[in-house]
Amino acid sequence: MTQYRLFRRMAPGIALLVLSAGVNAQEHFVLQGRLAADSNGTVRLTYYKGRRLVTDSAKVTAGRFSFAGTLEAPCEATLVRNPAQGRISYEQYIQQDAQEFYLAPGDNILESSAGVKKATISNNGAQADYLALKLLRAGFDEKMEAARVAGQQAFEAKNDSALQRIKAVIKTCEQEKEKAEDEFIQQHPDSDVAFDMLQVRCTVRPVNTTADAALYAVFSKRIQQSVKGKALGALLQQAQLLSAGHTAPDFTLLDTTGQPVTLSSLRGKYVLLCFWHAQSMGTSAYAEAIKLLHKQHQRQDLLILSVGYVSDWEMWTGMLQRQQLPGIHVVDLNGVDMKGNQSETAKAYGLTIGSFPQCFLLDKNGTILARHPAFNNQLAANILKLIP
């Protein structure tokens, strides 16, 4: 499975882990399956209930099976008939008789004469919204996947001009897809599916304080007052406090020698504050951009402070030695993990497993001048435009 496909499948679970703080009302659900009369075996149902991944199994007898349980809200689920045991490859995964769908409180009915994969699922409307969104995305996803394959071929052939054209195609497609998703939200203000899409966006990439807040305001009072609605609202409010003009939250972390470094102690100089994670797909681009920035700028009053998020001290120092990154380096060991846990520093900056890398440009008083300057060959020029 490619990194992109893996991360795309993990994203909803990551969002739930990060934003599902608090206790939500439990609502009962029933899933009733009606397959061909000669169908037997087992079916496995998996879904998230808050921060917990639930796995349940049921016997299929003469084509009939059923599940019952509780949900905190409608959520994405997966149903697999006669699942393989142990680890399986991506190819084996897609060949399974399985279907991803939206499980909702109340009655969920699955009907099929040709297995789970081709089954029709109906409930209170969540599944219909899910299928509508899936159809909307399909054309964009196919186009981007084809472009990524072509991009890999261009990279291997060292065809830089073709690679740049393909990157432009992907960027345009991503922008068009997001615009279409925005319209879906506007058209579905009381949809848990639409809301969960925005929630994932705000978890797997840095929050856009203007655009994301505007989309959040579209949703009904029912959704905004839910536990997940309140959690996302709080995240958006926090992101606003990290926008230009606000003071960057202070923190103290250890450097490579084990000595504490406090952010506020660097006042008197401009600071490019960068956060990166060992497992982030953007770490290589971040490293190259920081090296180029250091090479291009000659200012003595601009410091680079990099905060690494790793699970092991030796892993961190080893990566720094290999990358030869300039600047001051501190570490927040286990500050963000796949279980949704966050350190105080990570909470203060709204960092999640999907939001790395990102950076802030601070003035000499510790005030945020800019957030999220792009990690590319224009990083130095963009930063130097902001400081006198």
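The structure presented is a predicted model; accordingly, all values stated were derived computationally and were not measured.

A. A look at the sheet that holds strand β12 (residues 302-309). Sheet architecture is open: 7 strands sit in the order β10-β9-β13-β12-β11-β14-β15, paired in mixed fashion. Of all the strands in the sheet, the pair left with one neighbour each is β10 (260-262) and β15 (368-371). Between one strand and the next, the sheet's axes are offset by a mean angle of 30 degrees, whatever the strand orientation. Where strand β9 (residues 252-255) lies against β10, 3 bridges are found, and the strand directions are antiparallel. Looking across to β10, one finds that Leu253 is bridged to Val261. Where helix α9 (residues 283-296) meets the sheet, it contacts β11 (270-277) and β12, and its direction lies at approximately 155 degrees from that of β11.

B. Representation of the sheet that holds strand β4 (residues 64-71) in the model. Read across the open sheet, the 4 strands follow the order β4-β1-β7-β8; overall the sheet is mixed. Sheet topology places β4 and β8 (120-122) at the edges, where each strand pairs with a single neighbour. For this sheet, the mean angle separating the axes of adjacent strands, direction not counted, is 15 degrees. In this sheet, strand β7 (residues 106-111) lies alongside strand β1 (residues 27-34) in parallel orientation, the contact comprising 6 bridges. Bridge pairing in β7 places Leu31 opposite Asn108.

C. Region of interest: the packing of aromatic side chains. Considering all chains together, one arrives at 13 aromatic pairs under this definition. On the basis of an interplanar angle of 40 degrees and a centroid distance of 5.3 Å, the ring pair of Tyr102 and Tyr130 is categorised as tilted. Of this pair, Tyr102 sits in strand β6 (residues 97-103) while Tyr130 sits in helix α3 (residues 126-156), placing them 28 residues apart in sequence. As far as burial versus exposure is concerned, Tyr102 and Tyr130 are alike and both buried. When the centroid spacing of 6.1 Å and the interplanar angle of 80 degrees are considered together, the rings of Phe251 and Tyr349 count as edge-to-face. Of the two residues, Phe251 sits in the loop between α8 (227-240) and β9 while Tyr349 sits in the loop between α11 (344-348) and β14 (358-362), which places them 98 residues apart along the sequence. Per residue, the accessibility class of Phe251 equals that of Tyr349, and both read buried. Aromatic ring contacts, followed pair by pair, group Phe251, Phe275, Tyr309, Tyr349, Phe356 and Phe360 into a single cluster.

D. Local environment of the state of the cysteines. This model, assessed by the stated rule, comprises 0 disulfides. In this structure Cys75 is not part of a disulfide, and its nearest cysteine sulfur, from Cys202, lies 19 Å away.

E. Summary view of the environment of Lys117. Relative to the helices and strands, Lys117 resides in the loop between β7 and β8. In the structure, Lys117 is positioned 111 residues away from Lys228 in sequence and 30 Å away in space, judged by C-alpha atoms. With residues up to four places along the chain from it excluded, the contact list for Lys117 reads Ile94, Gln95, Gln96, Asp97, Ala98 and Gln99. Within polar-contact distance, the side chain of Lys117 engages the backbone oxygen of Ile94 at 2.8 Å.

F. Region of the structure containing the side chain of Asp255. Note that Asp255 resides in strand β9. Excluding its chain neighbours within four sequence positions, the residues that come into contact with Asp255 are Val261, Trp313, Trp316, His329 and Val330.

G. Focus on unusual backbone geometry. Here Lys158, not a glycine, exhibits a phi torsion of approximately 55 degrees, which is positive. At Asn334, a residue that is not glycine, the phi angle is positive and equals roughly 55 degrees. On the basis of relative accessible area, Asn334 is assigned to the partly exposed category, the value being 46%.

H. Representation of α3. Counted at 1.5 Å a residue, the expected span for α3 with its 31 residues is 45 Å, and the 43 Å between its end C-alpha atoms agrees. Along α3, the largest kink reaches about 35 degrees and is centred on Ala138. The positive-phi residue at the C-terminal boundary of α3 is Lys158, with phi of around 55 degrees.

I. Quick peek at the nonpolar core. Counting residues in hydrophobic clusters, the biggest one holds 24 residues, and the most contacted among them are Leu272, Trp276, Ile290, Leu293, Leu361 and Ile383. Among the elements of the structure, β11, α9, β12, α10 (313-323), β14 and α12 (379-384) are those that each provide at least two residues to this core. Looking at this core element by element, the count peaks at 5 residues for α9. Aside from chain neighbours lying at most four places away, what touches Leu361 is Val271, Leu272, Leu302, Thr367, Ile368, Leu369, Ala370, Ile383, Leu386 and Ile387. Grouped together as the second largest cluster of nonpolar side chains are 23 residues, Leu253, Val271, Ala346 and Tyr349 included.

J. Structural view of the pairing of β12. Here β12 lies mainly inside the structure; 7 of its 8 residues are buried. Bridge analysis of β11 against β12 gives 8 bridges, and the strand direction is parallel. In the strand pairing of β12, Tyr270 is matched with Leu302. Relative to strand β13 (residues 328-331), β12 runs parallel, the two being bridged by 4 bridges. By the bridge assignment, Ser306 is partnered in β13 with His329.

So, how was this worked out
Residues numbered from 1 in each chain as written. Predicted model: local features only at pLDDT ≥ 70, side-chain atom pairs only at ≥ 80, totals over all residues. Heavy atoms only, no water. Pairing = 2+ DSSP bridges. Helix = DSSP H or I, 4+ residues; strand = E, 2+ residues; numbered from the N terminus. Axes fitted to C-alpha atoms, helices over the stretch in contact; angles between N-to-C directions. Contact = heavy atoms within 4.5 Å. Phe/Tyr/Trp six-rings, centres within 6.5 Å; stacked < 30°, edge-to-face > 60°. Buried < 20%, exposed > 50% of the residue type's maximum accessible area, 1.4 Å probe, protein only. Disulfide = S-S within 2.5 Å. Polar contact = N/O pair within 3.5 Å; in protein donor to acceptor, adjacent residues only side chain to side chain. Expected span 1.5 Å × (residues − 1). Bend = angle between axes of the 7 residues up to and from the residue. Core = buried A, V, L, I, M, F, W, Y, C linked by side-chain atoms within 4.5 Å.

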